[in-house]
Amino acid sequence: MMESRTTISIPSLVRIKSRALEKLGIYCKRSEFPSVAVISSSDIPADIMSSAKESLASANVQTSLWFNCVEASFEQAQSIFVSLPGDVSAIIGIGGGRALDVAKYVAFLARLPSIALPTSLSNDGFCSPNASLSIGDRKRSLPAAMPFGVIIDTDICLAAPEHLWFSGVGDLVAKLTAVRDWKLAFHATGEPFNDFAALLSDATVSQFISRPVKDLEGVRLLGTSLMLNGIAMEVCNSSRPASGSEHLISHALDRICTRPRLHGLQVGVATYVVSRLQGYQSDIISRLFGECGFWNAIKSDPFSRSEWLEAARLAPSIKNGFYTVLSSRDCVDEIHSILEDDAVLTDCFVP
Ligand SMILES: [Zn+2]
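Nothing here was measured: the structure is a model prediction, and the numbers come from that model. Every residue gets a number counted from 1 within its own chain, in the order that chain's sequence is written. For this predicted model, a pLDDT threshold of at least 70 governs which residues receive local features, and a threshold of 80 or more governs which side-chain atom pairs are given and counted, while totals over whole chains, interfaces and linings are taken from all residues.

J.: Sorry if this is basic, but what is going on with helix 4 (residues 97-110) here?
T.: In an α-helix, one turn spans 3.6 residues; hence positions three or four apart end up facing the same way. In DSSP terms, a helix is any run of H or I states spanning at least four residues, a strand is any run of E spanning at least two, and both are numbered starting from the N terminus. In this scheme, a helix's expected span is set at 1.5 Å multiplied by one less than its residue total. Taking 1.5 Å as the rise per residue, helix 4 with 14 residues should run 20 Å; its terminal C-alpha atoms sit 20 Å apart, in good agreement. We call a residue exposed when 12 or fewer other C-beta atoms sit within 10 Å of its C-beta, buried when the count reaches 20 or more, and partly exposed for counts in between; the C-beta positions come from the backbone. For helix 4, a buried count of twelve out of 14 residues is recorded, marking the element as mostly surrounded by other parts of the structure. Buried residues of helix 4: G97, R98, A99, L100, D101, V102, A103, K104, Y105, V106, A107 and F108, and no others. At the exit of helix 4 stands R111, carrying a positive phi of roughly 55°.

Written out as structure tokens, the structure reads:
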């Protein structure tokens, strides 16, 4: 539920451009961070690591701690926080989701500014007020602080594996059904609706839809759109502008699938399915996914229909008191026929 909030925190430093990583040191220096801790994903290419190190060193920014992050867990964040040297003035996260979430949460615990440097754009987590971390074996979205800085090197994100790009596209397009669910909740339960946040969320998708091409400019658009979506969440202090029933289905899939797929791939397909339930914008979504190659990416590794049906049954109970189209009626039979008969989804599912 939304609370009124007096201050909205947004990133002060935003660089979304080619070769931005080379300037990491300069950005830190200008922001008056003489000493930083870097948390990087263990699987990022060695040349990205060396380039970051070189950039910080050449700007005389001291790296007091460099941590190679293997898991996005609360326990990991806690142990880094405990070992944090006293002179650190900012925490930098470099990598995919894992390192960024951990860096964001360590910074939150230490009350320090964080800088997110995503090496791919597979979801909207790099610029959100939450950190997605596991506690024990459960994944949780923990309240944290918005990053102070967002640095997206478009060359690096463009070179990232293609399925990560499609995952980012899926997570972005989800905003259409999320905002629709939010409106449904407003009408059904009186949950406050924030016009500005919803408008911002819708606008980010429209901007990308106008040019859904995977090139440097496309990466810039996708990165900007995902970032502004994080701001939309911050504006209304709620995940509503970014996440609705399509995310509930994806969370349910994470729990039951033998092999859960990338967040945005699950969310993207669920967005189309939910748009059919909502009776709204299905054409726009299917066309966009066709144009940018998303459907082909799904067809190359189809989902299991029976797992999706189980997820559809579980999804409405995932988040208490969260009204969506799935709360408006029992949608399982409708989802069953959409998965079986909708021509758009041909070859996206195996039994
Ligand atoms: Zn998402």
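Structure's up, so let's keep going.
J.: Teacher, can you tell me more about the sheet that holds strand 4 (residues 90-95) here?
T.: Two modes of strand pairing occur in sheets, parallel and antiparallel, and in both the strands are linked by backbone hydrogen bonds. The pairing criterion for strands is at least two bridges between them, as found by DSSP. Here we have six strands laid out as an open sheet, ordered 1-8-5-4-2-3, and parallel in their pairing. On the outer flanks of this sheet lie strand 1 (13-17) and strand 3 (62-69), each paired with one strand and no other. For this sheet the average axis-to-axis angle between neighbouring strands, irrespective of direction, equals 15°. In the sheet, strand 4 pairs with strand 5 (residues 114-118) via five bridges, with the strands oriented parallel. Residue I91 lies in a different strand from strand 5, and its bridge partner there is S114. Axis angles are defined between N-to-C directions and span 0 to 180 degrees, where every axis is a line fitted to C-alpha atoms and, for a helix, only to the segment in contact.

J.: What is the right way to read the domain arrangement of the chain from this model?
T.: The figure often quoted for interface size is the accessible area lost as the parts come together. Domain assignment breaks the chain into domain 1 (13-159) and domain 2 (162-350). Once you take the C-alpha centre of each, domain 1 and domain 2 turn out to be 27 Å apart. Elements with a minimum of two residues in the side of domain 1 that touches domain 2: strand 8 (149-153) and helix 5 (154-159). Classification convention: Asp, Glu, Lys, Arg as charged; Ala, Val, Leu, Ile, Met, Phe, Trp, Tyr, Cys, Pro as nonpolar; all other residues, Gly among them, as polar. Of the residues assigned to the side of domain 1 that touches domain 2, the class counts are nine nonpolar, six polar and two charged. Source of the domain bounds: an automatic or database domain assignment.

J.: Teacher, can you tell me more about the pairing of strand 8 here?
T.: A regular strand carries its side chains on alternate faces of the sheet. Across the five residues that make up strand 8, a large majority, five, are buried. What you see with strand 8 is no split at all: G149, I151 and D153 on one side and V150 and I152 on the other are buried throughout. Bridge count between strand 1 and strand 8: five bridges; the pairing is parallel. If you follow R15 over to strand 8, its bridge partner there is I151. In this structure, strand 5 lies alongside strand 8, joined through two bridges in parallel fashion. When the bridges of strand 8 are listed, A116 appears paired with V150.

J.: Help me understand helix 7 (residues 195-209) in this model?
T.: Given a rise of 1.5 Å per residue, 15 residues ought to cover 21 Å, and the 21 Å separating the end C-alpha atoms of helix 7 matches this to within 8%. Every buried residue of helix 7 is listed here: A197, A198, L200, S201, T204, V205 and F208. Along the long axis of helix 7, the arc covered by the buried residues comes to 165°, so they all point the same way. Of the exposed residues in helix 7, the ones pointing more than 90 degrees away from its buried face are D195, F196 and S206. We call two residues in contact if the C-beta atoms placed from their backbones are at most 7 Å apart. Lining the buried residues of helix 7 we find helix 6 (162-189) and helix 8 (216-236). The arc in question is the one spanned by the directions pointing from the helix axis to the C-beta atoms.

J.: Sorry if this is basic, but what is going on with the pairing of strand 7 (residues 138-143) here?
T.: Bridging between strand 6 (residues 130-135) and strand 7 involves six bridges; their strand directions are antiparallel. In the sheet register, N130 faces strand 7, and the bridge partner there is P143. In this antiparallel pair of consecutive strands, strand 6 and strand 7, the connection spans two residues, and G136 shows a positive phi of 65°.

J.: Explanation requested: the nonpolar core in the structure shown.
T.: Side chains of nonpolar character tend, in soluble globular proteins, to be buried together. Core analysis: the largest hydrophobic core is formed by 110 residues, its most contacted members being V36, I39, I91, I92, V102, A103 and V106. Built from parts of two domains, this core gets at least three residues from each of domain 1 (13-159) and domain 2 (162-350). In this structure, V106 is in contact with I39, A77, I80, F81 and I91, ignoring residues within four places of it in sequence. As used throughout, a nonpolar core is a set of buried Ala, Val, Leu, Ile, Met, Phe, Trp, Tyr and Cys residues joined through C-beta atoms within 7 Å of each other.

J.: Would you explain the environment of T119 in this entry?
T.: Considering the arrangement of structural elements, one finds T119 in the loop between strand 5 and strand 6. Accessibility expressed as a C-beta count within 10 Å gives 25 for T119, which makes it buried. Between the alpha carbons of T119 and A159 there is a distance of 9.0 Å; along the sequence they are 40 residues apart.

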